[in-house]
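Listed below, chain by chain, are the residues.
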Amino acid sequence: MDFDLDKLAAELQKEVWAQFSEVVIDHANNPRNVGSIENPDGYASITGQCGDNMQIWVKIVDGVVGEVTFWTDGCGPTIAAGSMVTEMAKGRTIKEALALSPRDVLEALGGLPEEHVHCAFLAVNTLHEAIKNYFKKRELEQRGWVRG
Ligand code: FES
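Residues numbered from 1 in each chain as written. Predicted model: local features only at pLDDT ≥ 70, side-chain atom pairs only at ≥ 80, totals over all residues. Heavy atoms only, no water.

Draft legend 1. Structural view of the nonpolar core. Core analysis: the largest hydrophobic core is formed by 34 residues, its most contacted members being I56, V105, L109 and L127. Of all the secondary-structure elements, those providing two or more residues to this core are α2 (22–29), β2 (53–61), β3 (64–72), α3 (76–89), α4 (94–99), α5 (102–109) and α6 (117–142). Setting aside residues up to four positions removed in sequence, L127 forms contacts with I56, V58, V68, V85, A89, A97 and L100. (Core = buried A, V, L, I, M, F, W, Y, C linked by side-chain atoms within 4.5 Å. Buried < 20%, exposed > 50% of the residue type's maximum accessible area, 1.4 Å probe, protein only. Helix = DSSP H or I, 4+ residues; strand = E, 2+ residues; numbered from the N terminus. Contact = heavy atoms within 4.5 Å.)

Dropping the structure here:
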């Protein structure tokens, strides 16, 4: 009997991806807004309880999220969540971006299996921390403690 390892790997991969929506697969394979921003207005790096790290950089222009990028060493769903949260935050006011919730990201992704719901939390928490870092930096600049 022939044993085709490539075929088996392809079938297993197909099975794994079958639990994810088209949107998740698209964002995991073609993530948007990947990378860092030079001289960002806000930045955050969070490592989730699963050990995966996400980093987000933001540029704020007139109270609006002008540019936002991410990086993660996490799994496919984490990449999809980072990609989606950056897409959703771009062009929103700071208040709107802070109001984005893991549920919003999960809905936009078409859902995630239970064991990957925390990937959406990691992405949203990192976005919120990056925006909070912007406020912290701005406050320090206003006090003249650091240069803008
Ligand atoms: Fe931990 Fe995706 S498995 S963030």
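From this point on, the discussion continues.
Draft legend 2. Representation of the environment of V85 within the structure. Relative to the helices and strands, V85 resides in helix α3. Expressed as a C-alpha distance, the spacing of V85 and L100, which sit 15 residues apart in the sequence, is 8.3 Å. Excluding residues that lie within four positions of it along the chain, V85 makes contacts with I56, V105, A123, V124 and L127.

Draft legend 3. Quick look at the environment of I37. Among the structural elements, I37 can be located in the loop between α2 and β1 (42–47). When its relative accessible area of 7% is taken as the criterion, I37 is described as buried. Placed 21 residues apart in sequence, I37 and V58 show a C-alpha to C-alpha distance of 7.3 Å. Excluding residues within four positions of it along the chain, I37 makes contact with W57, V58, K59, E67, V68 and T69.

Draft legend 4. Broad picture of the pairing of β1. Of the pairings in the sheet, the one linking β1 to β2 comprises six bridges and is antiparallel in character. Bridge pairing in β2 places S45 opposite Q55. (Pairing = 2+ DSSP bridges.)

Draft legend 5. Highlighting the side chain of T72. Locating T72 in the fold gives a position in strand β3. Residue classification places T72 among the buried positions, given a relative accessible area of 12%. Among the polar contacts made by the side chain of T72, one reaches the main-chain carbonyl oxygen of N53 at a distance of 2.6 Å. In terms of polar contacts, T72 uses its side chain to reach the backbone amide nitrogen of G74, at 2.9 Å. (Polar contact = N/O pair within 3.5 Å; in protein donor to acceptor, adjacent residues only side chain to side chain.)

Draft legend 6. Quick peek at the packing of α3 against α5. With their axes 10 Å apart at the nearest point, α3 and α5 run at an angle of 105° to one another. Accordingly, the angle class assigned to the pair α3 and α5 is roughly perpendicular. Only D104, V105, A108 and L109 of α5 make contact with α3, whose side of the interface consists of A80, A81, M84, V85 and M88. Its residues placed into classes, the contact of α3 with α5 shows eight nonpolar, no polar and one charged. (Axes fitted to C-alpha atoms, helices over the stretch in contact; angles between N-to-C directions. Parallel < 35°, antiparallel > 145°, perpendicular 65-115°, else oblique. Nonpolar A, V, L, I, M, F, W, Y, C, P; charged D, E, K, R; others polar.)

Draft legend 7. Region of interest: the pattern of salt bridges. Considering all chains together, one arrives at four salt bridges under this definition. The shortest N-O distance in the salt bridge between R143 and E139 comes to 2.9 Å. Residue class for R143 comes out partly exposed when judged on its relative accessible area of 48%. (Salt bridge = Lys/Arg side-chain N within 4 Å of Asp/Glu carboxyl O.)

Draft legend 8. Main features of a nonpolar patch on the surface. A cluster of nonpolar side chains, namely F3, L5, L8 and L12, defines an oily patch on the protein surface of about 420 Å² accessible area. Considering the arrangement of structural elements, one finds F3 in the segment before α1 (5–17). By relative accessible area, which is 62% here, F3 ends up exposed. (Patch = residues over 30% accessible without salt bridge, like charges linked within 9 Å, V, L, I, M, F, W, Y side chains within 5 Å. Areas by Shrake-Rupley, 256 points an atom, 1.4 Å probe, with all protein chains shown as cover.)

Draft legend 9. Quick peek at the sheet that holds β2. Ordered in space as β1-β2-β3, the three strands form an open sheet in which the pairing is antiparallel. In this open sheet, the two strands that pair with only one neighbour each are β1 and β3. Each adjacent strand pair in this sheet contributes to an overall mean axis angle of 15°, direction not counted. With eight bridges joining them, β2 and β3 adopt antiparallel strand pairing. Bridging from a neighbouring strand, Q55 pairs with W71 of β3. The strands touched by α3 within the sheet are β2 and β3, with β3 carrying the most contacts at an inclination of about 170°.

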